[in-house]
Amino acid sequence: MNKNLVSKVAQIVFALTMLVFGFFHLSNADAMKAMVPAFVPGGVLWVYVTGIALVLAALAFILNKKVKLAAYLLGVLLLMFVLTIHLPHLLDGDQNSMSMILKDTGLAAAAFFIGSKNK
């Protein structure tokens, strides 16, 4: 099978995952606002901004437009989640946060990989 085809299919599957996460943020903002750290002003606004960012990154991957920029920004966003949301919860004793740290770190790595392979 053509390596380029495999890469494009993987990029689309990754994009669809981000699209679903984006729609979850937009449709469940009130439930997710509790995850916004208290030191960040704006509350639920950031849930909507995050949802829009996830949807835009997914669309960039699907439409193959500005993929490198979208991938690097998405990777940074996901690492920000690890450092500002999941790690503090883990340090507060929430053992379930470890799975979120691993998920978002892995997704960030995938985003950076996609960015490194695109112009």
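This text goes with the structure placed above it.
Everything numeric here is computed off the predicted structure, so don't read it as measured data. (Residues numbered from 1 in each chain as written. Predicted model: local features only at pLDDT ≥ 70, side-chain atom pairs only at ≥ 80, totals over all residues. Heavy atoms only, no water.)

Peer 1: Honestly, helix α5 (residues 97-116) in this entry has me stumped. Any pointers?
Peer 2: Residues separated by three or four positions in an α-helix point in the same direction, a consequence of the helix having 3.6 residues per turn. When the terminal C-alpha atoms of α5 are compared, their 28 Å separation across 20 residues agrees well with the 28 Å that a helix rising 1.5 Å per residue should span. Here α5 has its buried residues at S97, I101, D104, L107, A108, A111, I114 and G115. Buried residues in α5, looked at end-on, bunch into an arc of 160 degrees, giving them a common side. Of the residues in α5, the exposed ones pointing more than 90 degrees away from the buried face are L102 and F113. (Helix = DSSP H or I, 4+ residues; strand = E, 2+ residues; numbered from the N terminus. Expected span 1.5 Å × (residues − 1). Buried < 20%, exposed > 50% of the residue type's maximum accessible area, 1.4 Å probe, protein only. Arc of directions from axis to C-beta.)

Peer 1: Would you explain helix α4 (residues 67-91) in this entry?
Peer 2: If you check α4, its first and last C-alpha atoms are 34 Å apart, about what 25 residues at 1.5 Å a residue would give, namely 36 Å. The sharpest bend along α4 reaches about 35 degrees and sits at V82. (Bend = angle between axes of the 7 residues up to and from the residue.)

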